[in-house]
Amino acid sequence: MNVGRPVPRAGTGAQESYAPELLYATFNQDYGCFAIGTQTGFRIFNSDPYKEKMRREFKDGGIGMVAMLYRSNYLAFVGGGRNPRFPPNKVMLWDDASSKIIAELEFRSDVLNVQLQRDRIVVVLRNKCIVCSLEAKPRHLHAFETADNDRGAMAISGGSESGILVFPGRQKGHIQIVDLHSCINLSGMQEAASPVAVHSLATPQQAGVGIQRTRSRSKGSFSIESNGTPASPPLATTVHPTNINIIAAHATSLSALAVSSDGAMVASASEKGTLIRIFDTMSGRLLHELRRGVDRADIYSIAFSPDNTRLCVSSDKGTVHIFNLEAKQSAAQQSAAAAAAAAGNRQSNLKFMKDLLPKYFSSEWSFAHFRVANEVRCICGFGSERNSVVVLCADGTAQKYSFDSYRGSCVREWYRKFI
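To start, this report covers the structure provided alongside it. (Residues numbered from 1 in each chain as written. Predicted model: local features only at pLDDT ≥ 70, side-chain atom pairs only at ≥ 80, totals over all residues. Heavy atoms only, no water.)

On to the overall build of the protein, then. Helices and strands together make up the secondary structure of the protein, namely one helix and 32 strands. If you take every contact in the protein between residues at least 6 apart in sequence, the share linking residues at least 24 apart comes to 49%. Summed over its atoms, the accessible surface of the protein is roughly 18100 Å², and 49% of this surface lies on carbon and sulfur atoms. (Helix = DSSP H or I, 4+ residues; strand = E, 2+ residues; numbered from the N terminus. Contact = heavy atoms within 4.5 Å. Areas by Shrake-Rupley, 256 points an atom, 1.4 Å probe, with all protein chains shown as cover.)

A separate point is the nonpolar core. Among the nonpolar cores identified, the biggest contains 31 residues, and Val320, Val372, Val389 and Val391 are the most heavily contacted of them. Within the residue set of this core, elements represented by two or more residues are β1 (22-27), β2 (33-38), β25 (319-324), β28 (368-371), β29 (378-382), β30 (388-393) and β31 (397-403). Element by element, the count of residues in this core is highest for β30, at five residues. Not counting residues up to four positions away in its chain, the partners in contact with Val391 are Val320, Phe370, Val372, Cys378, Ile379, Cys380, Thr397, Ala398, Gln399 and Tyr401. One finds Ala67, Ala76, Val91 and Leu125 within the second-largest nonpolar core, a separate group that totals 23 residues. (Core = buried A, V, L, I, M, F, W, Y, C linked by side-chain atoms within 4.5 Å. Buried < 20%, exposed > 50% of the residue type's maximum accessible area, 1.4 Å probe, protein only.)

Within the secondary structure layout, Arg277 lies in strand β21 (residues 275-280). For Arg277, the side chain forms a polar contact with the main-chain oxygen of Ala249, separated by 2.9 Å. At 3.3 Å, the side chain of Arg277 and the side chain of His250 are in polar contact. (Polar contact = N/O pair within 3.5 Å; in protein donor to acceptor, adjacent residues only side chain to side chain.)

The subject of this paragraph is the pattern of salt bridges. It is possible for side chains bearing opposite charge to pair when their charged atoms get close. Inspection of every chain in the model, using the stated rule, returns 17 salt bridges. Notably, a salt bridge pairs Arg126 with Asp148, separated by 3.2 Å at the nearest N-O pair. On the criterion of sequence distance, the pair formed by Arg126 in the loop between β10 (120-124) and β11 (128-133) and Asp148 in the loop between β12 (140-145) and β13 (155-156) is long-range, its members being 22 residues apart. Close ionic contact of Arg371 with Glu375 constitutes a salt bridge, the shortest N to O distance being 3.9 Å. (Salt bridge = Lys/Arg side-chain N within 4 Å of Asp/Glu carboxyl O.)

Here is the structure:
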């Protein structure tokens, strides 16, 4: 979440509370950690239980975007703030074990989003989604054209066995879905002669990535450079053919995307912000239509729970909504204990007339929701306990809320100031 530029509330001239030094906040792939970019560096925290794990302060500028690779020593940066440490059109790959930039990717336009996976880095520009490999000799694997994507909407599944990438289509409101594992076999590529060792920032995790310090150039708007190492021969751009599934999800432009950890489901919201739709990534079938509200809102984050049975959504209204994704199971499919422990989403009493009434009456509403302290912009992710959510707010606070899965009531467990 870009939190560096607070915006006035609609209908008022007032600005929301925010932390001037905070530029960016993001969770890692399993919500177990989060990272922030500041005017002078970056910091990494354990989410739940809350604990600061590390911080790095730079003398020469700020970090406007951070991407984590699980709990490994690799991160990706883009400069930002009053005095950016790096240009906004470059992605810098950082190895915290050696406290060095090990490679940089330069583009012709500003980077709007970046995500890391075990063997890939995905970069979003205004009209492109670019996939590169993390290997001995980094390769430009794919370049997909998109509609205008000023919000940098993009998501990639976090599970070790899945590689589903989703991003806007060429037409407004469409989603493109790509299975990266079916496109290229990275395991068959040449390994680095002396790969960089991967160290954990916290608990041991699987994070096997080796990057050799090389210099390569490819055609188009992409280049990779390193720090002070001899240049190797240029690498040709490799754009592998792939099958792309396209879903016409919304009538207006996409504002947020999320993929379940197993890559089976994609959730999307449009710039209108009233509906969240969930689709099957293989068939494109609509699984759920979830209603956040009736007023327009900016959706800042969508997150699936680790077991893919819940979804949480945050918006500029200062609210977080929690939806149940397993409520469509019949009573015969659930044990009595499971049925008592999981309430379904709320629905209109007139749902039985859905074929005669507008779609509003057939939507599912959240079974639980809460409003964060100070009603500021926030992103959300699920906590270490199943019925809990952690939110990171633009005012520099982290907050944990627990919810009753049957009654839908929510209680704030703790509130911490991280900057």
